[in-house]
Amino acid sequence: MKNDLMGLILAENPEAGMGELVAVRSLAAVPFGGRYRIIDFVLSNMVNSSIINVGIATPYNYQSLSDHLGTGKPWDLDRKGNGLFILPPKEIAEPGELRGGVDTLNGIMHYLAMSKQNYVLIAECNALCNIDYSEVLKEHIESEADITLIYNKTDDLDRKELSSRILLDVDDDKRVRDIHVYPIKQKTSCSYMHMMMIKRSLLMELIGDAAAHNKHYLSRDILLPNVDRLKINGYEYTGYCRQVNNVKAFFNANLDILNKDIREELFGLNNDMPIYTKVKDTVPTKYATKAEVSNALVADGCLIEGTVRNSILFRGVHVGKGATVENCILMQDSEVMDNCLAENVIFDKEVILRNGKKLVGQKTYPMVIEKKTII
């Protein structure tokens, strides 16, 4: 059974509302947590689960993702025969041209056909968790399920959150009896994590049939119509999981890792399942005499002269004298100059906030500043 599972990561979610953060990059390549990219989590989970054949379907804006992944060496996927495969479309696609997962998978059928593994794990790129997929495969085979959907329990979702969720009705025998796609009311707490285990041959059959009938969406056009025809089971994941499908979720997920327990679980510090990423050698961070830093995650190469609270700082960030940064995410090479205030703000890369300026967003909806903006 070992190495009989291949991984397939969907690097885009056309329905995710990430705004300026995906203007110049794919969703999978969005920076996270000081030195990572969003895709590092699902990709590392696959590698830690002994998956040695991983394909990444990236229909557009894939240059930064390709630069980050390279040959796959940080994930030990630079190998012959199997390894890491970046799968752009046959023709250059633009945002909006590919409507759903069926379109993406139909464009990479050649990769599925040439793969040797019998089982496929399909996962969207934006679920932040630390999961052992080998346990899912074991249960999938033992239960003789056609499809296994991974979910976690999430209670009391508000209407806005429900509009981006897919909920499952799972009975006591772990059988999925119904699927609620973006419901108005919450009737179940089982939230689909957009991770699916399926036989490769069955996947190719379902994708080919859906494409032939002008269907576009995996959940709505493949899973839902087959609830009664196929044996679709649920697998409950009980650990930390955050689905990054909008700016607010991205902001909260970053601030979550300031919590020691969440950070240790998510980054595999307690279970020998680390999250890998591309390594960059930089100088240590320098703290000036009057710098004040509390409850913050600060990457290498920063210069801190002011005050930083409850924030994530990526490599090369400069916080000037008398400046205050609170509840912020400042990406690589950004600068908050002297006597500035930044609160509840996300800076993309190389943003500069000039002397004495103030930027204050809302905790419920942070302000996002586009890459290379000077304010």
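Whatever comes next refers back to the structure up there.
Below: a short report on this structure. Not measured: the values here are computed from a predicted model.

## Re the overall build of the protein chain
Item 1. Counting its regular elements, the protein chain contains 10 helices and 28 strands.
Item 2. Looking at the protein chain as a whole, 55% of its 375 residues are labelled buried.
Item 3. Residue pairs in contact within the protein chain that sit at least 24 positions apart in sequence constitute 58% of those at least 6 positions apart.
Item 4. Carbon and sulfur atoms make up 45% of the accessible area of the protein chain, which totals about 16,800 Å².

## Comments concerning the sheet that holds strand β24 (residues 341-343)
Item 1. Taken in spatial order, the 5 strands of this open sheet run β15-β18-β21-β24-β27, and their pairing is parallel. One side of each edge strand has no neighbouring strand; the edge strands of this open sheet are β15 (292-294) and β27 (358-360). Neighbouring strand axes in the sheet, compared pairwise and without regard to direction, differ in orientation by 5 degrees on average.
Item 2. Two elements, β24 and β27, share 3 bridges in a ladder whose sense is parallel. The residue of β27 that forms the bridge with glutamate 343 is valine 360.

## Quick look at the layout of surface pockets
Item 1. Taken as a whole, the largest pocket spans an internal volume of roughly 460 Å³.
Item 2. What lines the largest pocket is a set of 23 residues, among which Glu161, Arg165, Arg242, Gln243 and Ala249 lie closest to the centre.
Item 3. Going through the elements one at a time, β8 (147-153), α6 (159-162), β11 (190-199), β13 (242-243) and α9 (247-256) are the ones with two or more residues in the lining of the largest pocket.
Item 4. Looking at which element gives the most residues to the lining of the largest pocket, the answer is β11, with 4 residues.

## Considerations on the sheet that holds strand β16 (residues 297-298)
Item 1. Spatial strand order, β16-β19-β22-β25-β28: 5 strands in an open sheet with parallel pairing. With one partner strand each, in any of the chains shown, β16 and β28 (367-369) form the two edges of the open sheet.
Item 2. As defined by bridge partners, strand β22 (residues 329-330) adjoins strand β25 (residues 345-347) across 2 bridges and the pair is classed as parallel. Opposite leucine 330, over in β25, you have phenylalanine 347 as the bridge partner.

## Points about unusual backbone geometry
Item 1. Positive phi values are uncommon outside glycine, yet aspartate 76 reaches one of about 60 degrees.
Item 2. Mapped onto the fold, aspartate 76 is located in the loop between α2 (63-69) and β5 (83-87).
Item 3. On the basis of relative accessible area, aspartate 76 is assigned to the partly exposed category, the value being 47%.

The rules we used
- Residues numbered from 1 in each chain as written.
- Predicted model: local features only at pLDDT ≥ 70, side-chain atom pairs only at ≥ 80, totals over all residues.
- Heavy atoms only, no water.
- Helix = DSSP H or I, 4+ residues; strand = E, 2+ residues; numbered from the N terminus.
- Buried < 20%, exposed > 50% of the residue type's maximum accessible area, 1.4 Å probe, protein only.
- Contact = heavy atoms within 4.5 Å.
- Areas by Shrake-Rupley, 256 points an atom, 1.4 Å probe, with all protein chains shown as cover.
- Pairing = 2+ DSSP bridges.
- Axes fitted to C-alpha atoms, helices over the stretch in contact; angles between N-to-C directions.
- 1 Å grid on protein atoms, 1.4 Å probe; cavity = no way out; pocket = protein on both sides within 12 Å on 5 of 7 lines; lining within 4 Å.
- Points joined across faces, edges and corners; volume = space filled by probe spheres on them.

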